[in-house]
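Chain and residue survey
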Amino acid sequence: MKPMTQDARDQEHVSPEQPNSAQTSADQPDNTAQSDNADQSEVVGNEDLATAFLRETEVVEETVENGKKIRRRGIYLLPNLFTTSALFAGFFAVVAGINGDFTSAAVAIFIAMVLDGLDGRVARMTNTQSEFGAEYDSLADMISFGMAPALVAFTWILQDIGKTGWVVAFLYVACAALRLARFNVQIGSVDKKWFIGLPSPSAAALVAASVWTFHSFDADAFGFKLLMLVVVAAAGVLMVSNIRYYSFKDLDFKKPVPFVVLLAIVLAFVMISVEPSVMLLLLFGAYVASGPVLAVMRKAKTSS
């Protein structure tokens, strides 16, 4: 039996449970790395939370560009600013009507009309049309041209008629909603030259101009109450009718026109500025009446 060497005896006395210095020094950097990784994962976790929030609240819609279907993230700011402004004007009209300031309420509805006409044109001019913008515009129209005119008319004079007043106001609101829903599903399937049914902005303009005019003249007799009842109900029914109204969409503003056309526009602005409420009432009253009148004329021409 060979005697054990000194190195063998030294190795035999080393406890297997005690790690050697090389193993300890090798484990120390690993622990530090694990701590750093934990801190990094916590930061990444916070970033992922914010990113997840943005992703879940982001608007994503499918569109076709250059013949290819793509998924687009985000919304276009410029046209939606006009839509938001129109929505604000409609909400302001409701608040002003509740506070008894019916002149400001009527003016706010007309401002909403102008802004509503601009958002679509701006979107087409800047090529920023989107499904989100179309749906947002429809919801804003429901407030500005559906709820606002009905509530303004009701708070001014229809509430004096009792149950009939709020029933007619609700009829107008319901017809405005049905009109907008039908318009959305008929886009692209009807002649752009004509609207099927009275457009909701024109119906709102008729109601707002009536409130503005009659309120300015302190017309609160029972006859005016019945007149407003008929105006609101007729505007609502015409919105869901099949009567065609000229849309003015085939007018080309880029082509030259005779000088007399510009002169007529200037005179129209002058006349409106003299008595805005009366002139706007006559203007939109004539447009609302044009639909049934043309329908009767077409039917008479066909019968003959």
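My aim in this report is to walk through the structure given alongside it, one point at a time. Nothing here was measured: the structure is a model prediction, and the numbers come from that model. (Residues numbered from 1 in each chain as written. Predicted model: local features only at pLDDT ≥ 70, side-chain atom pairs only at ≥ 80, totals over all residues. Heavy atoms only, no water.)

Take the overall build of the protein next. For the protein, the count of helices and strands is ten helices and four strands. Along its sequence from the N terminus, the protein presents helices and strands in the succession α-α-β-β-α-α-α-α-β-α-α-β-α-α. By residue count, 32% of the 304 residues in the protein fall in the buried class. Restricting to contacts in the protein with at least 6 residues of sequence separation, those with at least 24 account for 76%. Total accessible area on the protein is roughly 19500 Å²; 65% of this is exposed by carbon and sulfur atoms. (Helix = DSSP H or I, 4+ residues; strand = E, 2+ residues; numbered from the N terminus. Buried < 20%, exposed > 50% of the residue type's maximum accessible area, 1.4 Å probe, protein only. Contact = heavy atoms within 4.5 Å. Areas by Shrake-Rupley, 256 points an atom, 1.4 Å probe, with all protein chains shown as cover.)

Let us now look at the packing of aromatic side chains. Summed over the entire model, instances satisfying the criterion amount to eight aromatic pairs. Measuring from ring centre to ring centre gives 5.3 Å for Phe214 and Phe224, while their planes differ by 55°; the resulting arrangement is tilted. Taken together, the residues span a long stretch of sequence, with Phe214 in helix α7 (residues 200-216) and Phe224 in helix α8 (residues 222-239) at a distance of ten residues. Taking relative accessible area as the criterion, Phe214 reaches 13% and is therefore assigned buried. Seen from the ring of Trp194, Arg244 lies directly overhead, with NZ or CZ sitting 4.8 Å from the centre. Note that Arg298 overlies the ring of Trp194, its terminal NZ or CZ placed 5.9 Å from the centroid. (Phe/Tyr/Trp six-rings, centres within 6.5 Å; stacked < 30°, edge-to-face > 60°. Lys NZ or Arg CZ within 6 Å of the ring centre and 35° of its normal.)

A few words on the side chain of Thr213. Within the secondary structure, Thr213 is located in helix α7. On the accessibility criterion, Thr213 (4% relative accessible area) is buried. Here Ser277 takes part through its backbone oxygen, which lies 3.0 Å from a polar atom of the side chain of Thr213. Those residues in contact with Thr213 that lie beyond four places of it in its chain are Ser277, Val278 and Leu281. (Polar contact = N/O pair within 3.5 Å; in protein donor to acceptor, adjacent residues only side chain to side chain.)

It is worth spelling out the packing of helix α5 (residues 131-156) against helix α6 (residues 163-186) at this point. Two elements in contact, α5 and α6, have axes whose closest approach is 9 Å; the angle formed by their N-to-C orientations is 165°. In terms of orientation, α5 lies roughly antiparallel with respect to α6. Our pair here, α5 against α6, has a crossing hand that is right-handed. In this structure, α5 uses Ser138, Asp141, Met142, Phe145, Gly146, Met147, Pro149, Ala150 and Phe154 to contact α6, whose residues at the interface are Gly165, Trp166, Ala169, Tyr172, Val173, Ala176, Ala177, Leu180 and Asn184. Grouping the amino acids of the contact of α5 with α6 by side-chain chemistry returns 13 nonpolar, four polar and one charged. (Axes fitted to C-alpha atoms, helices over the stretch in contact; angles between N-to-C directions. Parallel < 35°, antiparallel > 145°, perpendicular 65-115°, else oblique. Left-handed = near helix turned anticlockwise from the far one by under 90°. Nonpolar A, V, L, I, M, F, W, Y, C, P; charged D, E, K, R; others polar.)

Before going further, it helps to examine α8. Between its first and last C-alpha, α8 extends 26 Å over 18 residues, near the 26 Å set by a 1.5 Å rise per residue. Among the residues making up α8, those that are buried are Lys225, Met228, Leu229, Val231, Val232, Ala235, Gly236, Leu238 and Met239. Where α8 is buried, its residues contact α5, α6, β3 (194-196), α7, β4 (244-246) and α10 (276-303). (Expected span 1.5 Å × (residues − 1).)

So, about the pattern of salt bridges. Tallying each qualifying case throughout the model produces one salt bridge. Between Lys225 and Asp160 there is a salt bridge whose closest N-O contact spans 3.7 Å. Here Asp160 lies in the loop between α5 and α6 and Lys225 lies in helix α8, a separation of 65 residues in the sequence. With relative accessibility at 16%, the residue Lys225 sits in the buried group. (Salt bridge = Lys/Arg side-chain N within 4 Å of Asp/Glu carboxyl O.)

Let's shift gears to a positive patch on the surface. Together, Arg121, Arg124, Lys192 and Lys249 make up a positively charged patch on the protein surface. If you trace the backbone, Lys249 turns up in the loop between β4 and α9 (259-274). (Patch = residues over 30% accessible without salt bridge, like charges linked within 9 Å, V, L, I, M, F, W, Y side chains within 5 Å. Lys, Arg positive; Asp, Glu negative; His and termini not counted. Charge placed at Lys NZ, Arg CZ, Asp CG, Glu CD.)

Within the element layout of this structure, Ser247 appears in the loop between β4 and α9. For Ser247, a relative accessible area of 8% gives the class buried. Of the polar contacts made by the side chain of Ser247, one reaches the backbone oxygen of Lys193; its length is 2.9 Å. With residues near it in sequence (within four places) discarded, Ser247 still touches Lys192, Lys193, Trp194 and Phe195.

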